[in-house]
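Listed here are the chains, written in short residue letters.
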Amino acid sequence: MFKYLLRLFRRRSVPMILQAEANECGIACLAMIFRAHGVNIGMRGMRDKFPPSPHGASVRELMQIGRLMNFRATAYRIDPENLGEMLSPCVVLMDVSHFMVLTRLGTDGINLHDPAEGEVSLGFREFANRFTGVVIDLRPSGRFDDAQKPERSNVFRFLVSGFVSQRLRVSVILLLALILEVLFAVSPLLVQTFTDSVVPSSDYHLAWLLMGGFSLVALLQLAFGLYRGLLLSRLSEHLFVEWNIRIGEALMSLPYAFFMRRAATDVYSRFRSIDNIQRTVTTKFVESALDGIGVVFTLTMIVIYSKILAIFTVLTAIVYAGSRQLTVDRARKAERHEIRETSQQHGRLLEMLNAIHTIKSGGMEAIQLSRYEARTRAAAHASATLQMWTFTSSAIAKFLIQFHTVIAIGLGSIVCMRGQMTFGMVIAYVSYSTQFIDRSTKVSDVVADSRLVKIHAERLSDIVDEKKMVPGVVHLPFGDAIGIRVENLSFGYGNHDDDVIANASFSIEPGECVAIVGRSGLGKSTLMKLMNGLLVPKRGEILYDGISVSSISPVDLHNSVATVLQDDQLFGGTIFENIASFAPQYDRERVIEVAKRAEIHDEIMQMPMGYETGVINMGKSLSGGQKQRILLARALYRRPRLLFLDEATSHLDSRNEQAINRAISALRITRVIVAHRADTIRMAERVIDLAAFCAGYASEASHV
Ligand SMILES: Nc1ncnc2c1ncn2[C@@H]1O[C@H](COP(=O)(O)OP(=O)(O)OP(=O)(O)O)[C@@H](O)[C@H]1O
């Protein structure tokens with residue numbers, strides 16, 4: 001009870017939670033409101049509890065989620081000028097279909113948490129133009145489940161693990177940095193000795209000695225600096241490889257559903273975040289690791305020389321640290337914006353390249369180019385804004401260093417004229433204080449940059465912290481063909497969307513050839529992806545020889561089941577490699593044998609390089625029918641005991657199709673075929689009409 005009251009009286013500060021997918025703005029806004037009221041939930045928790053539909057969430061769905069979380073949810077239609085009646089925070093619908101959280105209504109403007117962009121402030125007029133008038137007000141209606149643990153991210157552990165094998169290298173880099181610090185530290189003392197001892201006493205011998213000493217110090221600095229640079233570049237290389245490979249591994253262990261929800265460019269841009277982190281960590285963090293020690297040492301020295309002058313120097317450093325903190329929020333926003341815009345620009349370019357035939361044949365060059373231009377301009381503007389913040393802080397740093405040097409020399413000269421310091425001491429003081437300012441600005445930069453790096457780490461968290469597939473461990477029993485049993489299977493793409501497959505139950509005997517039919521868009525490919533384990537059912541089960549697909553070991557699945565989907569791809573490499581799925585050692589005889597069965601051998605032999613022909617540009621150099629037959633050969637190469645074919649012969653002429661149908665009919669394995677063409681359906685021993693499952697009743701299919 002006490003905790004509940006405490007929560008009610010606590011000031012509502014709304015945390016910023018960013019969406020990772022285009023369709024998640026609604027649940028991200030709810031997560032912000034829930035967190036503001038003390039519920040421990042983040043995007044991962046929201047996705048688990050309320051998986052977003054690919055089409056996004058409606059106002060009604062968001063209200064339902066609010067109620068399920070013990071919040072009183074009310075939706076209003078309200079004019080912008082009456083918004084003052086609302087208690088912030090609340091969810092507002094902007095730009096037709098984008099949800100944001102309104103956090104503050106002020107006379108100067110309106111503050112919003114935009115899950116796509118971060119914090120935004122809009123003038124009243126701009127807000128009114130973009131606001132749809134729809135508001136969702138959410139307030140706790142009782143106790144909510146407090147037992148949920150706060151979501152912890154594994155990104156930090158992931159990043160640190162990259163350094164594990166580099167402990168020696170990092171230690172040497174730090175040691176060299178320490179030596180360089182010491183060498184830097186003695187330089188001002190040498191200058192002081194020169195000025196105060198050598199010049200007044202005209203001691204030529206000492207002068208030569210000190211010159212030799214200076215030169216030696218400079219040479220040592222050069223040698224250690226070069227060696228440290230070498231080690232840093234090696235460390236950079238290692239981190240780049242290590243982090244990219246580990247993220248690649250994490251990505252590959254994610255379920256297929258993750259990739260269905262994301263644009264490829266979004267995932268790609270998350271890999272770019274690794275470059276950013278690696279560059280900042282190696283060029284700034286590791287390099288500046290000892291700047292903190294340098295700050296303490298140089299501060300001690302300037303205090304020893306003059307306490308009054310030290311106050312001025314420290315004040316200068318504080319001004320810089322303050323200015324950096326003031327600009328870092330803007331810089332963070334600019335960084336987020338830049339990532340988003342650049343990713344969209346790359347996306348548009350990739351889209352154009354992938355659809356180049358459509359563009360060329362449809363004469364759409366100019367219109368597509370103008371769409372690309374708009375994205376490029378937006379990305380360039382975002383990049384320029386980000387650069388402006390970088391330039392601003394470096395210009396402030398340069399100004400303060402220069403200003404400090406001039407004033408320090410001036411003040412030092414006054415102190416010298418008063419006889420409180422020798423001229424050599426003034427020079428040494430100026431030198432130490434400049435080093436102090438230099439190091440303290442670097443420390444401020446590292447503090448500010450760590451907040452920028454956090455943005456990139458959060459983006460990696462989307463891959464690192466996402467729930468991985470748990471690989472099965474059960475082995476399939478030996479045999480020639482696999483029998484399938486589908487039990488009460490239901491599946492829909494979003495939590496709130498209608499089920500595509502509803503309560504389907506049927507079985508396919510080992511060795512049977514079954515065609516799944518139904519009108520376009522009914523769910524044939526979806527059923528096939530469920531049956532081959534790519535998608536996870538919402539309810540019900542799929543069993544191979546009595547074993548649930550999800551519990552079968554991936555190796556057994558790979559060895560026993562092959563699938564050719566409508567949009568399957570070939571990879572850069574030779575035809576040999578593609579048919580053998582890039583196995584390190586493959587059986588050339590078998591490649592040729594399956595290519596003959598897939599009716600593609602003769603055409604491959606007519607190519608100048610035969611099976612060594614490179615599949616340039618992911619198969620675009622091959623005709624649609626040739627590509628399909630190579631994909632079929634690839635499936636057959638693995639000697640599957642269960643074969644799924646989804647429109648696998650749709651590009652073939654009827655002669656080739658009939659020949660392949662004959663070859664598939666002759667296989668003594670279980671075959672599940674999705675096709676529209678009558679010829680292909682006719683070769684099946686049985687037809688399963690999907691309409692039966694979509695109409696809400698399960699039926700055993702009729703025999704042909
Ligand atoms: N990734 C997805 N996200 C959301 N909805 C999807 C997705 N893929 C398919 N759907 C929807 O699921 C339904 C079934 O699609 P599916 O591709 O399984 O149909 P199909 O019977 O194979 O169609 P076709 O014969 O045209 O290939 C369609 O309404 C489609 O819009």
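Note that the structure is a prediction, hence the values are computed from the model and not measured.

Engineer: I'd like to hear about the overall build of the protein chain, residue by residue, with values.
Structural biologist: Counting its secondary structure elements, the protein chain contains 24 helices and 15 strands. Its C-alpha radius of gyration of 34 Å places the protein chain more than 25% over the 27 Å reference for a compact globule of 704 residues. The principal-axis extent of the C-alpha atoms belonging to the protein chain is close to 110 × 70 × 55 Å. A burial count over the protein chain gives 47% of its 704 residues as buried. The contacts in the protein chain between residues at least 6 apart in sequence include a share of 75% that link residues at least 24 apart. For the protein chain, the accessible area works out to roughly 35,400 Å², and carbon and sulfur atoms hold 60% of it.

Engineer: If you had to explain helix α22 (residues 654–666) to someone new, which residues and values would you point to?
Structural biologist: Between its first and last C-alpha, α22 extends 18 Å over 13 residues, near the 18 Å set by a 1.5 Å rise per residue. Inspection of α22 places N656, E657, A659, I660, N661, A663 and I664 among the buried residues, and these make up the whole buried set. On the buried face of α22, the contacting elements are α19 (588–597), α21 (624–637), β13 (642–646), β14 (670–674) and α23 (678–682).

Engineer: Would you mind going over the site of the ligand in detail, with residue names and values included?
Structural biologist: Taken together, 14 residues lie near the ligand, and S520, G521, K524, S525 and T526 sit nearest. Y493 has a polar side-chain atom sitting 3.4 Å from a nitrogen atom of the ligand. Contact distances for the ligand include 3.0 Å between an oxygen atom and a side-chain N or O atom of H676. Calculation on the ligand without its partners gives an accessible area of 630 Å², and the protein chains cover 65% of this total.

Engineer: Quick rundown of the UniProt feature "transmembrane region" (unreviewed entry) in the protein chain? Include the residues and the values.
Structural biologist: In the numbering adopted here, UniProt assigns the feature "transmembrane region" (unreviewed entry) to residues 172–194, 206–227, 239–259 and 293–322. Along residues 172–194 the backbone is 100% helical and 0% strand, and the end-to-end C-alpha distance reaches 33 Å. Spanning residues 293–322, this segment combines 97% helix with 0% strand, and its end C-alpha atoms are found 21 Å apart.

Engineer: Tell me about the sheet that holds strand β15 (residues 686–689), residues and numbers included.
Structural biologist: Within a beta sheet, neighbouring strands are joined by backbone hydrogen bonds and run either parallel or antiparallel to one another. Across the sheet, five strands lie side by side as β12-β13-β14-β9-β15; this open sheet has parallel pairing. Each edge of the open sheet is held by one strand with a lone partner, namely β12 (561–564) and β15. Across this sheet, the average inter-strand angle for adjacent strands is 15°, counted without regard to direction.

Engineer: Could you give an account of the nonpolar core, with specific residues and numbers?
Structural biologist: Counting 41 residues, the largest nonpolar core has I575, I579, Y611, L632, L643 and L645 as its most contacted members. Of all the elements, α21 adds the most residues to this core, at seven residues. Contacts of Y611, omitting those with residues within four sequence positions, involve T574, I575, F576, I579, V591, I592, A595, H601, I604 and M605. Judged by nonpolar contacts, the second largest core, of 31 residues, contains F491, I501, L527 and M528.

Engineer: Give a description of the packing of helix α11 (residues 291–305) against helix α15 (residues 423–464) that names residues and reports values.
Structural biologist: Look at α11 against α15: their axes get within 8 Å of each other, and the N-to-C directions meet at 150°. On the basis of the axis angle, α11 is roughly antiparallel to α15. Between α11 and α15 lies a crossing of left-handed hand. Seen from α11, the contacting residues are D291, G292, G294, V295, F297, T298, L299, M301, I302 and Y305; seen from α15, they are M425, A428, Y429, Y432, S433, Q435, F436, R439, S440, K442 and V443. By residue class, the composition of the contact of α11 with α15 is 12 nonpolar, six polar and three charged.

Engineer: Kindly report on the sheet that holds strand β10 (residues 539–544), identifying the contributing residues and their values.
Structural biologist: In space, the four strands of this open sheet follow the order β8-β7-β10-β11, with antiparallel pairing throughout. Looking at the sheet topology across the chains shown, the edges are occupied by β8 (501–508) and β11 (547–548). Pairing geometry for β10 and β11, over two bridges, is antiparallel. Each bridged residue has a counterpart across the sheet, and for Y544 the counterpart in β11 is I547.

Engineer: Describe the packing of aromatic side chains, naming the residues involved and giving the relevant values.
Structural biologist: How two aromatic rings sit relative to each other is set out by the distance from centre to centre and by the angle between their planes. The full count for this structure, using the stated rule, is 12 aromatic pairs. Ring pairs connect the aromatic residues F297, Y305 and Y432, which therefore count as one cluster. Across the ring face of F184, the terminal group of R439 is positioned such that the distance to the ring centre comes to 5.6 Å. Over the ring of Y637 we find R590; its NZ or CZ atom is 6.0 Å from the centre of that ring.

Engineer: I'd like to hear about the pattern of salt bridges, residue by residue, with values.
Structural biologist: The tally for this structure, following the rule as stated, stands at 35 salt bridges. For the salt bridge of R262 with D462, the shortest nitrogen-to-oxygen distance reads 2.0 Å. In this pair, R262 sits in the loop between α9 (256–261) and α10 (264–285) while D462 sits in helix α15, placing the two residues 200 residues apart along the sequence. A single burial state applies to R262 and to D462, both of which are buried. Across the pair R348 and E351 runs a salt bridge, and its minimum N-O distance is 3.7 Å. Taken together, the residues R348 and E351, both in helix α12 (residues 307–354) and three residues apart, mark about one turn of the helix. Overall, E351 belongs to the partly exposed group, its relative accessible area being 41%. Each of the salt bridges in this network shares a partner with another, and the network as a whole consists of E24, R47, R261, R262, D266, R270, D462 and E466.

Engineer: Please set out the state of the cysteines residue by residue, giving values where relevant.
Structural biologist: Taken as a whole, this structure holds zero disulfides when the rule is applied. Of all cysteine sulfurs in the structure, the one in C25 sits closest to C29, which takes part in no disulfide; the separation is 6.1 Å. On the basis of relative accessible area, C29 is assigned to the buried category, the value being 0%.

Engineer: Requested: an account of the pairing of strand β5 (residues 118–122), with residues and values cited.
Structural biologist: Sheet analysis places strand β4 (residues 110–114) next to β5, joined by five bridges and oriented antiparallel. By the bridge assignment, H113 is partnered in β5 with E119. Connecting β4 to the antiparallel partner β5 that follows it, the hairpin turn spans three residues.

Engineer: Break down the environment of K360 for me, citing the residues and quoting the values.
Structural biologist: Take K360: it is sitting in helix α13 (residues 356–362). Since its relative accessible area comes to 53%, K360 is described here as exposed. Separated by 3.5 Å, the side chains of K360 and E365 make a polar contact.

Engineer: Quick rundown of the packing of α12 against α15? Include the residues and the values.
Structural biologist: Contact geometry for α12 and α15: axes closest at 9 Å, N-to-C directions at 20°. Comparing their axes, α15 and α12 come out roughly parallel. Helix-helix and strand crossings are classified by hand; for α12 and α15 the assignment is right-handed. Here the residues of the contact of α12 with α15 sort into 16 nonpolar, eight polar and 10 charged.

Engineer: How would you summarise the side chain of D465 if you had to cite specific residues and measurements?
Structural biologist: Within the fold, D465 resides in the loop between α15 and β7 (484–491). Given the relative accessible area of 8%, D465 is considered buried. Of note is the side chain of D465, whose polar atom sits 2.7 Å from the side chain of S153. In terms of polar contacts, D465 uses its side chain to reach the backbone amide nitrogen of N154, at 2.8 Å.

How each quantity is defined
- Residues numbered from 1 in each chain as written.
- Predicted model: local features only at pLDDT ≥ 70, side-chain atom pairs only at ≥ 80, totals over all residues.
- Heavy atoms only, no water.
- Helix = DSSP H or I, 4+ residues; strand = E, 2+ residues; numbered from the N terminus.
- Rg over C-alpha atoms; globule rule 2.2 N^0.38 Å.
- Buried < 20%, exposed > 50% of the residue type's maximum accessible area, 1.4 Å probe, protein only.
- Contact = heavy atoms within 4.5 Å.
- Areas by Shrake-Rupley, 256 points an atom, 1.4 Å probe, with all protein chains shown as cover.
- Expected span 1.5 Å × (residues − 1).
- Near = heavy atom within 4 Å.
- Polar contact = N/O pair within 3.5 Å; in protein donor to acceptor, adjacent residues only side chain to side chain.
- UniProt positions renumbered as here; feature names shortened; annotations may be inferred.
- Pairing = 2+ DSSP bridges.
- Axes fitted to C-alpha atoms, helices over the stretch in contact; angles between N-to-C directions.
- Core = buried A, V, L, I, M, F, W, Y, C linked by side-chain atoms within 4.5 Å.
- Parallel < 35°, antiparallel > 145°, perpendicular 65-115°, else oblique.
- Left-handed = near helix turned anticlockwise from the far one by under 90°.
- Nonpolar A, V, L, I, M, F, W, Y, C, P; charged D, E, K, R; others polar.
- Phe/Tyr/Trp six-rings, centres within 6.5 Å; stacked < 30°, edge-to-face > 60°.
- Lys NZ or Arg CZ within 6 Å of the ring centre and 35° of its normal.
- Salt bridge = Lys/Arg side-chain N within 4 Å of Asp/Glu carboxyl O.
- Disulfide = S-S within 2.5 Å.

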